[in-house]
Amino acid sequence: GTRPLPAWLTLLSYMFLHGGVLHLLTNMAGLWVLGTLAEPVMGAKRFALTYLAFGAITGAVIVALVPYWTGPMVGASGAIGGVLGAFLARRYSEKSGRERRTIAGLLLEALPALAVVAWWVARDVPSEPDRAAAAAWHLVPFLLAWYGVRTWNGLGRPRRTRPGRVT
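These figures come from a predicted structure and were not determined experimentally.

Observations concerning the overall build of the protein chain
1) Next: Counting its secondary structure elements, the protein chain contains 6 helices and 0 strands.
2) Next: Taken from N to C terminus, the helices and strands of the protein chain fall in the order α-α-α-α-α-α.
3) Next: Accessible area of the protein chain: about 10,600 Å², with a carbon and sulfur share of 69%.

Structure representation (structure tokens):
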């Protein structure tokens, strides 16, 4: 008989499968548009690693939300959402300055997004995916990437000042 793929490998392979031509075309169009903006800023290696990492994270989120779902898991949307979140957070950090932020400040910035995620987690988890769960699969990697980059940039790098200038 045929041996199935190990489960861990499907966390990478599923994002290269799609549920039809339209699904493939919309994901590839999104990746192409985002890639032309994000890849030059992020660099090719970081772009590819972010894509693969958030593809795997999205797969894990889907398994956590609907653990008994037996349908095929397909698509690159979560990976693309993670790249979009990382790219926008990096651009936002550059535009807003690199001042050092406190954990409390970053949590206050995150409250609206955390409220949305809490609503999705608190609702009844369906036995089959629905539109709300699918939206969560797109939103969660975006938010994880956004707040991961914001935390890294905000807490890790104090603002530089010019000599003789008091801030």
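Moving on from the model shown.
Description of helix α2 (residues 21–42)
1) Next: Here α2 is 22 residues long and its end C-alpha atoms lie 29 Å apart, about the 32 Å a rise of 1.5 Å per residue gives.
2) Next: Considering bend angle alone, the principal kink of α2 is centred on G35 and spans about 45°.
3) Next: Within α2, burial applies to N27, L31, L34, G35, A38 and M42.
4) Next: One or two residues past the end of α2 sits G43, with phi positive at roughly 90°.

Considering the environment of H18
1) Next: In this fold, H18 is placed in the loop between α1 (7–13) and α2.
2) Next: In this structure the C-alpha to C-alpha distance between H18 and P72, which are 54 residues apart in sequence, comes to 9.4 Å.
3) Next: Setting aside residues no more than four positions away along its own chain, H18 makes contact with H23, L24, N27, M28, V74, G75 and A76.

Comments concerning a nonpolar patch on the surface
1) Next: A surface patch of nonpolar side chains, amounting to about 260 Å² of accessible area, comprises L12, F16 and L52.
2) Next: Tracing the backbone through its elements, the reader meets L52 in helix α3 (residues 44–65).

Regarding the environment of M42
1) Next: Mapped onto the elements of the fold, M42 is located in helix α2.
2) Next: Overall, the relative accessible area of 7% leaves M42 in the buried class.
3) Next: Sequence separation between M42 and R90 is 48 residues; the distance between their C-alpha atoms is 8.7 Å.
4) Next: Beyond its immediate chain neighbours, meaning those up to four positions away, M42 contacts F47, T50, V83, A86, F87 and R90.

Observations regarding the nonpolar core
1) Next: Core analysis: the biggest nonpolar cluster contains 23 residues, and A38, M42, Y51 and V83 have the highest contact counts within it.
2) Next: At the level of secondary structure, the elements contributing two or more residues to this core comprise α2, α3, α4 (77–96) and α6 (131–156).
3) Next: Considering every element that reaches this core, the biggest residue donor is α3, with 6 residues.
4) Next: Discounting chain neighbours no more than four positions away, the residues touching A38 are G43, F47, V83 and F87.

Describing the confidence of the model for the protein chain
1) Next: Summary statistics for the protein chain give a mean pLDDT of 76 and a share of 65% for residues scoring 70 or more.
2) Next: Helix α5 (residues 103–122) is the least confidently modelled element of the protein chain, averaging 65 in pLDDT, while α2 averages 89, the highest of any element.

A closer look at the packing of aromatic side chains
1) Next: Summed over all chains, the structure comprises 3 aromatic pairs.
2) Next: Measuring from ring centre to ring centre gives 6.3 Å for F16 and Y51, while their planes differ by 50°; the resulting arrangement is tilted. Within this pair, whereas F16 is found in the loop between α1 and α2, its partner Y51 is found in helix α3, the two being separated by 35 residues in sequence.
3) Next: For Y51, a relative accessible area of 9% corresponds to the buried category.
4) Next: Pairing W146 with Y147 gives two aromatic rings, centres 6.4 Å apart and planes at 80°, and the pair type is edge-to-face. Just as W146 is buried, Y147 falls in that class too.
5) Next: Put simply, the rings of F142, W146 and Y147 pair up and form one aromatic cluster.

What counts, and where the lines are drawn
Residues numbered from 1 in each chain as written. Predicted model: local features only at pLDDT ≥ 70, side-chain atom pairs only at ≥ 80, totals over all residues. Heavy atoms only, no water. Helix = DSSP H or I, 4+ residues; strand = E, 2+ residues; numbered from the N terminus. Areas by Shrake-Rupley, 256 points an atom, 1.4 Å probe, with all protein chains shown as cover. Expected span 1.5 Å × (residues − 1). Bend = angle between axes of the 7 residues up to and from the residue. Buried < 20%, exposed > 50% of the residue type's maximum accessible area, 1.4 Å probe, protein only. Contact = heavy atoms within 4.5 Å. Patch = residues over 30% accessible without salt bridge, like charges linked within 9 Å, V, L, I, M, F, W, Y side chains within 5 Å. Salt bridge = Lys/Arg side-chain N within 4 Å of Asp/Glu carboxyl O. Core = buried A, V, L, I, M, F, W, Y, C linked by side-chain atoms within 4.5 Å. pLDDT = per-residue confidence, 0-100. Phe/Tyr/Trp six-rings, centres within 6.5 Å; stacked < 30°, edge-to-face > 60°.

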